[in-house]
Amino acid sequence: MGITKYFEEFKLNEKRQTGGRTVTETDIVIHAGQSGDFFPHHMDEEWCKTQPFKKRIAHGTLIFTIAVGLTAHVINEVSMTYGYDRLRFIKPVFIGDTIKATVTISNIKDHKKPGFGLVTELVEVFNQHGELVMVCEHVLLVHKKES
């Protein structure tokens, strides 16, 4: 689905919620293969039983990837990703956990390139218990209406 939302149309503190997504063992195995991260925290159930969390945890990069996908249900035709800042993994995500994201416009400022502005979205990812598991800032480069 495509929309056209110019820089001037973003409002500070606007919020949107995503749907949920359950993290599976298949997600973890595929992500390990794609990333090359086969650390025992993700792959070795028996070793994990000797660790503080007592079970396998999802890769932080997997949770980030799923969260980005959850937020990308609408394509703004006059905006593109400029980057991600301040990525933090707050709590572990386990097989069977369901995550969803809240996206809040946290900053709006002009860009040095004429005709563009930067819009920062605070992306907060929560598990099924409402616990914050990941946070980052998604920075968008957005066209201005009037160049």
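Residues numbered from 1 in each chain as written. Predicted model: local features only at pLDDT ≥ 70, side-chain atom pairs only at ≥ 80, totals over all residues. Heavy atoms only, no water.

A. The arrangement of the pattern of salt bridges in detail. Inspection of every chain in the model, using the stated rule, returns nine salt bridges. One salt bridge connects Arg86 with Glu137, and the closest N-O pair in it is separated by 3.9 Å. Here Glu137 lies in strand 8 (residues 132–143) and Arg86 lies in strand 5 (residues 79–89), a separation of 51 residues in the sequence. Judged by its relative accessible area of 22%, Glu137 is partly exposed. (Salt bridge = Lys/Arg side-chain N within 4 Å of Asp/Glu carboxyl O. Helix = DSSP H or I, 4+ residues; strand = E, 2+ residues; numbered from the N terminus. Buried < 20%, exposed > 50% of the residue type's maximum accessible area, 1.4 Å probe, protein only.)

B. Representation of the UniProt feature "domain: MaoC-like" (unreviewed entry) in the chain within the structure. In this structure's numbering, the residues bearing the UniProt feature "domain: MaoC-like" (unreviewed entry) are residues 14–121. For the annotated span residues 14–121, helix accounts for 29% and strand for 34% of the residues, and the straight-line distance between the end C-alpha atoms is 9 Å. (UniProt positions renumbered as here; feature names shortened; annotations may be inferred.)

C. Representation of the environment of Cys136. Along the polypeptide, Cys136 turns up in strand 8. A sequence separation of 13 residues divides Cys136 from Val123, and the C-alpha atoms of the two residues are 5.3 Å apart. Not counting residues within four places of it along the chain, the set of residues in contact with Cys136 comprises Phe64, Tyr84, Asp85, Arg86, Leu87, Glu121, Leu122 and Val123. (Contact = heavy atoms within 4.5 Å.)

D. Expanded view of the layout of surface pockets. Of the voids in this model, the largest pocket is the one considered here, and its volume is about 510 Å³. In terms of lining, the largest pocket is formed by 23 residues, of which the most central are Arg16, Val74, Asn76, Glu121 and Leu140. Those elements that provide at least two residues to the lining of the largest pocket are strand 2 (15–17), helix 4 (60–71), strand 4 (75–76), strand 5, strand 6 (98–110) and strand 8. Counting residues per element, the lining of the largest pocket draws most heavily on strand 5, which supplies four residues. (1 Å grid on protein atoms, 1.4 Å probe; cavity = no way out; pocket = protein on both sides within 12 Å on 5 of 7 lines; lining within 4 Å. Points joined across faces, edges and corners; volume = space filled by probe spheres on them.)

E. Representation of the nonpolar core within the structure. Membership of the largest hydrophobic core comes to 18 residues, with the highest contact counts inside it found for Val23, Ala58, Ile63, Val93, Ile99, Val125 and Met134. Among the elements of the structure, helix 4, strand 6, strand 7 (116–126) and strand 8 are those that each provide at least two residues to this core. Not counting residues within four places of it along the chain, the set of residues in contact with Ile99 comprises Gly19, Gly20, Arg21, Ile63, Ile66, Leu70, Val93, Val125, Phe126, Asn127 and Val133. Of all hydrophobic cores here, the second largest spans six residues; its members include Phe7, Ile105, Leu140 and Val142. (Core = buried A, V, L, I, M, F, W, Y, C linked by side-chain atoms within 4.5 Å.)

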